[in-house]
Amino acid sequence: MFKFIFKTITVIIFLIFLMIGLTIWKGGMPFRWAGEKIIMAGETMVAIGEVIDELDEGSEKVKETYKQIKEITASDKKGEGEKK
């Protein structure tokens, strides 16, 4: 058991030093993909927000459907979802 714990800690420390070394050597290039993915996720969230805003400003039928969806999700969060 102690060998497993020791090997796990050794691997973790090795990976930390490897990441620090790559960051210094390549100027952070291997980790820039994470920043790009976060930017893409933010742009997607903005697009979804704009669609919801358009629905909110839409016709009465769309507003009613939106309110129904909102009520269903709110009741599910509380654990009081309707079972049909």
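Just so you know, these numbers come straight off a predicted model, no measurement behind them.

1. Focus on the overall build of the chain
A tally of helices and strands in the chain yields three helices and zero strands. Listing each helix as α and each strand as β along the chain from the N terminus yields α-α-α. Of the roughly 8100 Å² of accessible surface on the chain, 68% is carried by carbon and sulfur atoms.

2. Here's the deal with helix α1 (residues 2–26)
The terminal C-alpha atoms of α1 lie 36 Å apart, and with 25 residues this matches the ideal 36 Å at 1.5 Å per residue to within 8%. Taken from the residues just after α1, Gly27 is the one with a positive phi, measuring 70 degrees.

3. Section: the confidence of the model for the chain
Per-residue pLDDT for the chain has a mean of 78; in total, 82% of the residues score no lower than 70. Here helix α3 (residues 60–78) stands out as the least confident element of the chain, with mean pLDDT 72; α1 is the most confident, with 89.

4. Description of a nonpolar patch on the surface
A contiguous nonpolar surface patch, about 1300 Å² in accessible area, is contributed by Met1, Phe2, Phe4, Ile5, Ile9, Ile12, Ile13, Ile16, Phe17, Ile20 and Ile24. Since its relative accessible area comes to 67%, Ile24 is described here as exposed.

What counts and what doesn't
Residues numbered from 1 in each chain as written. Predicted model: local features only at pLDDT ≥ 70, side-chain atom pairs only at ≥ 80, totals over all residues. Heavy atoms only, no water. Helix = DSSP H or I, 4+ residues; strand = E, 2+ residues; numbered from the N terminus. Areas by Shrake-Rupley, 256 points an atom, 1.4 Å probe, with all protein chains shown as cover. Expected span 1.5 Å × (residues − 1). pLDDT = per-residue confidence, 0-100. Patch = residues over 30% accessible without salt bridge, like charges linked within 9 Å, V, L, I, M, F, W, Y side chains within 5 Å. Salt bridge = Lys/Arg side-chain N within 4 Å of Asp/Glu carboxyl O. Buried < 20%, exposed > 50% of the residue type's maximum accessible area, 1.4 Å probe, protein only.

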